[in-house]
Each structure stands twice: as C-alpha cells, then as structure tokens.
Amino acid sequence: DVQMTQSPSTLSASVGDRVTITCRASRSIGSWLAWYQQKPGKAPKLLIYEASTLGSEIPSRFSGSGSGTEFTLTISSLQPDDFATYYCLKYSSFSHIFGQGTTLEIK
Amino acid sequence: EQLVQSGAEVKKPGASVKVSCKASGYTFTAYYIHWVRQAPGQGLEWMGWINPSSGLTSFPENFEDRVTMTRDTSIDTVYMELTRLRSDDAAVYYCARVRTGYNSWGAFDVWGQGTTVTVSS
C-alpha cells in the first residue's frame, strides 16, 4: 500500500511566522489528499481537501499545494489559535492513510 | 450536520465493545461513514467504512477479522463493534463522514466527538 511520510514531526514557530508542513507519498496519489488540524481532546477538523481546496469556513491563511507524491500545507501568518497538531490524509477507493502528524508549538 | 457518539467504555481484555454514531441534519443514507481511532498520544488510524444505505462494509487487513460495522436506518445510527480487545486497542474512536455523497472514499468533513475505550483488567 501507499506509505505517507509527514515532516517535520515537531515545528516551533512564533505568531506571525509563515510555516510549511510536508507530506510525501511513496507513489503517486494524484490530488487525493486532505489536511486536518487537531487540538487536544477534540476531533480533527478538515482544512484542505483535494490537495488545495479550502474547507468550509477555513481562514485564507491556510493553503495547500502539490500533486503526485509531494504535498505541502502552508500557514501564511501564524495566529495563536493555529498551535495544534496537523495530519495529512491520503484517500482512495483502496485505503485511507494518515500521515504521522506534525505538532506546531509556540517558540 | 452532526455525528454524536455514545459514551466512554471500560472493557476487560478479550471482551468486545460496540460504539454508536448517530447522524443528524443530513440524509443518513447518502454519505458513507468511516471509523478512525487514536491511541493515547498517538496518530490517527483508519479502521474502515460502512455504506449506511446498503450496509456494505470494507476494512483494512489489520482489522478485518475483529471489526464489524452495522447500521440502523430507522434511527440514523451506525455501529462499530471491535472484538477480542487487547490493551493496545485502548483509544479514542471516531466516526467520520465522507464529504461527497454516494462515495466510499474521500476527505472526512463531519466527525463525531469521539468515544474513549479503556481496556483494563
């Protein structure tokens, strides 16, 4: 099956910073990738689907790009509410596979 | 549009657990439901899906001999039962809806609040 490798596992940044998180697939998955934000004790929240489409009511500082095997989630200007854990999700008719997660910490 | 799950469970090793997920605010039979779990301090793990209309299910290999998913269309509820529980099955279990109707796969846009399952002797 396709393997998803997410990096970095931890990221320290400050309010106002621009940050990027990457997910790499072991083989091409087209644009079938989503990004989620999860806060402690809460369910994941859909940010981006189909690699670059912003989810409902998601702020425009979040953006996604990529296709094939390499994908990025960018937060253009970090806000205090953005410190959380982020996951990518690869989806297909065969399987759904999450990346390992990236914890975004306050520097 | 909402998914509401049943409450926390405490089970002994070797027992079974059944978690419910009640849908509201949308057409229950139009959207596949998946289950995802998260062990304490760990990442997200996909467990499979159910078609609420037909009852058809699909699971990855690592769950296919221990997981059952069913539905009751009269009350817009799906169920996930995990048998032969082990200590490493302790996790928060989530149900989640596929964003696009009538598709078994896709991004999950609506999630339940999670159900904590504790496995302890």
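Our subject in this report is the structure included herewith. (Residues numbered from 1 in each chain as written. Chains lettered and ligands numbered in written order. Predicted model: local features only at pLDDT ≥ 70, side-chain atom pairs only at ≥ 80, totals over all residues. Heavy atoms only, no water.)

### Regarding unusual backbone geometry
Residues and elements named next belong to chain A. The condition that has to hold: The secondary structure listing takes helices from DSSP runs of H or I that are at least 4 residues long and strands from runs of E that are at least 2 residues long, numbered from the N terminus.
Put simply, Ser7 and Pro8 share a cis peptide bond, and its omega is -10 degrees. As for its placement among the helices and strands, Pro8 is situated in the loop between β1 (4-7) and β2 (10-13). With phi around 50 degrees, Glu50 is a residue other than glycine that occupies positive phi space. Residue Glu57 is not a glycine yet carries a positive backbone phi of 60 degrees.

### Points about the sheet that holds strand β1 (residues 2-5) of chain B
Strands pair in a sheet through their backbones, by hydrogen bonds, and they do so in one of two ways: parallel or antiparallel. All names here are of chain B. This is how it is decided: When DSSP finds at least two bridges between two strands, those strands are taken to pair. To obtain each axis, a line is fitted to C-alpha atoms, and for helices this fit is confined to the stretch in contact; angles are then taken between N-to-C directions over 0 to 180 degrees.
The antiparallel open sheet is built from 4 strands, whose spatial order is β1-β3-β8-β7. Whereas interior strands pair on both sides, the edge strands pair on one side only; in this sheet they are β1 and β7 (67-72). When strand polarity is set aside, the average angle formed by the axes of neighbouring strands in this sheet is 20 degrees. Examined bridge by bridge, β7 and strand β8 (residues 77-82) share 6 bridges and lie antiparallel to one another. Each bridged residue has a counterpart across the sheet, and for Thr70 the counterpart in β8 is Tyr79.

### Some details on the nonpolar core
Using the following cut-off: In these notes, a set of buried Ala, Val, Leu, Ile, Met, Phe, Trp, Tyr and Cys residues joined through side-chain atoms within 4.5 Å is what counts as a nonpolar core. Residue burial is assigned from relative accessible area. The probe radius is 1.4 Å, only protein chains are included, and a residue is buried under 20% of its type maximum, exposed over 50%, and partly exposed in between.
Core analysis: the biggest nonpolar cluster contains 27 residues, and Trp35 and Met80 of chain B have the highest contact counts within it. Of all the secondary-structure elements, those providing two or more residues to this core are β3 (17-24), β4 (33-38), β5 (44-50), β7, β8, β9 (91-98) and β11 (115-119) of chain B. The dominant element in this core, judged by the number of residues it contributes, is β3 of chain B, at 4 residues. Grouped together as the second largest cluster of nonpolar side chains are 26 residues, Cys23, Ile58, Ile75 and Leu104 of chain A included.

### Some details on the packing of aromatic side chains
Quick reminder of the rule: Any pair of Phe, Tyr and Trp rings, taking the six-membered ring for Trp, is counted once the centres come within 6.5 Å. Such a pair is stacked with planes under 30 degrees apart, edge-to-face with planes over 60 apart, and tilted for the rest. Charge-over-ring contacts are defined here by two conditions on Lys NZ or Arg CZ: a distance within 6 Å of the ring centre and an angle within 35 degrees of the ring normal.
Taken as a whole and judged by the stated rule, the model has 10 aromatic pairs over all chains. Judged by centre distance (6.1 Å) and plane angle (55 degrees), the ring pair of Trp32 of chain A and Tyr91 of chain A falls under tilted. Highlighted residues: Trp32 of chain A in the loop between β3 (19-25) and β4 (33-38) and Tyr91 of chain A in strand β9 (residues 85-91), separated in sequence by 59 residues. Here Tyr91 of chain A falls in the buried class, since its relative accessible area comes to 3%. For the pair Phe62 of chain A and Tyr86 of chain A, a centre-to-centre distance of 6.5 Å together with 40 degrees between the ring planes defines the contact as tilted. In this pair, Phe62 of chain A sits in strand β7 (residues 62-67) while Tyr86 of chain A sits in strand β9, placing the two residues 24 residues apart along the sequence. For Tyr86 of chain A, a relative accessible area of 0% translates into the label buried. The structure contains a cluster of three or more aromatic residues connected by ring pairs, namely Tyr36 and Phe98 of chain A together with Tyr94, Phe108 and Trp111 of chain B. One Lys or Arg, Arg97 of chain B, reaches over the ring of Tyr31 of chain B and ends 4.1 Å from the middle of that ring.

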